Amino acid sequence: MAIVDVTVIPIGTETPSVSSYVAEIQKVLKTYEPSITYELTPMSTLIEGELPVLFEVIQAIHEVPFKHGIQRVATNIRIDDRRDKNVTMKDKLQAVKSKLTEPTEVETETKES
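Here we summarise the structure given alongside this text. (Residues numbered from 1 in each chain as written. Predicted model: local features only at pLDDT ≥ 70, side-chain atom pairs only at ≥ 80, totals over all residues. Heavy atoms only, no water.)

1. Quick look at the sheet that holds strand S3 (residues 45-49)
Working definition: the strands of a sheet are paired by backbone hydrogen bonds and lie parallel or antiparallel to each other. What counts is decided by this rule: One bridge is not enough; two strands pair if DSSP finds at least two bridges between them. The way it works is that DSSP assigns letters per residue, a run of H or I at least four long becomes a helix, a run of E at least two long becomes a strand, and they are numbered from the N terminus. Lines fitted to C-alpha atoms define the axes, with helix axes restricted to the stretch in contact, and inter-axis angles between N-to-C directions lie between 0 and 180 degrees.
Across the sheet, which stays open at both edges, the 4 strands sit in the order S2-S3-S1-S4 with antiparallel pairing between neighbours. The open sheet has two edge strands with one neighbour each: strand S2 (37-40) and strand S4 (72-81). For this sheet, the mean angle separating the axes of adjacent strands, direction not counted, is 20°. Bridge count for S2 against S3 is 4 bridges, and the pairing is antiparallel.

Right under this line is the structure:
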């Protein structure tokens, strides 16, 4: 299971707003359910699934602005591919949240110094 943070940036749009492209990308992502899970954030979209499927999904969403007449698209991708255990986006968030209620190693080291 891998997690991808992806941002598709259409270049040369008529207005500064890109929300219509983002909405179209979300519709494309929906067609890949249940093979993937995804979450829209204010700055990017997080997608989780098997890596070969994620590469297919990235290509599909990269094409969205081209299908709407844009001539240039920049897509930024970060991949977290952990193979020692199966960790989901939800698991990663829960790991951090659980540490918010207890002192972290960093806090303990600081107090001891």
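Here the narrative resumes, following the displayed structure.
2. Thoughts on the side chain of Asp5
Rules: Under this definition, polar contacts are N or O atom pairs within 3.5 Å; protein pairs additionally need one hydrogen-donor-capable and one acceptor-capable atom, and for neighbouring residues in sequence, both atoms have to be side-chain atoms. Contact between two residues is taken to exist if any of their heavy atoms lie within 4.5 Å; hydrogens are not considered.
If you trace the backbone, Asp5 turns up in strand S1 (residues 2-11). A polar contact is formed between the side chain of Asp5 and the side chain of Ser44, at a distance of 2.6 Å. The residues contacting Asp5, other than those within four sequence positions of it, are Ser44, Thr45, Leu46, Asn76, Ile77 and Arg78.

3. Section: helix H2 (residues 51-62)
The test is simple: Helix span, as expected, comes to 1.5 Å for every residue beyond the first. Burial classes follow relative accessibility: with a 1.4 Å probe on protein chains only, a residue under 20% of its type's maximum area counts as buried, one over 50% as exposed, and anything between as partly exposed.
The first and last C-alpha atoms of H2 sit 16 Å apart over 12 residues, in line with the 16 Å expected at 1.5 Å per residue. Of the residues making up H2, those classed as buried are Leu51, Leu54, Val57, Ile58, Ala60 and Ile61. Each element contacted by the buried residues of H2 is listed here: S1, helix H1 (19-30), S3, helix H3 (64-67) and S4.

4. As for unusual backbone geometry
Here the bond from Glu33 into Pro34 is cis, since omega is 5°, no more than 30 degrees from zero. Residue placement: Pro34 occurs in the loop between H1 and S2.

5. Overview of the packing of H1 against H2
Our working rule: Left-handed describes a crossing in which the near helix is turned anticlockwise from the far one by less than a right angle; the clockwise case is right-handed. Here the nonpolar group is Ala, Val, Leu, Ile, Met, Phe, Trp, Tyr, Cys and Pro; Asp, Glu, Lys and Arg are the charged ones; every other residue, Gly included, is treated as polar.
At a minimum axis separation of 9 Å, H1 and H2 run at an interaxial angle of 145°. As for how H1 packs across H2, the hand of that crossing is right-handed. Contacts from Ile25, Val28 and Leu29 of H1 reach H2 at Val57, Ala60 and Ile61. Residue classes in the contact of H1 with H2 are distributed as 6 nonpolar, no polar and no charged.

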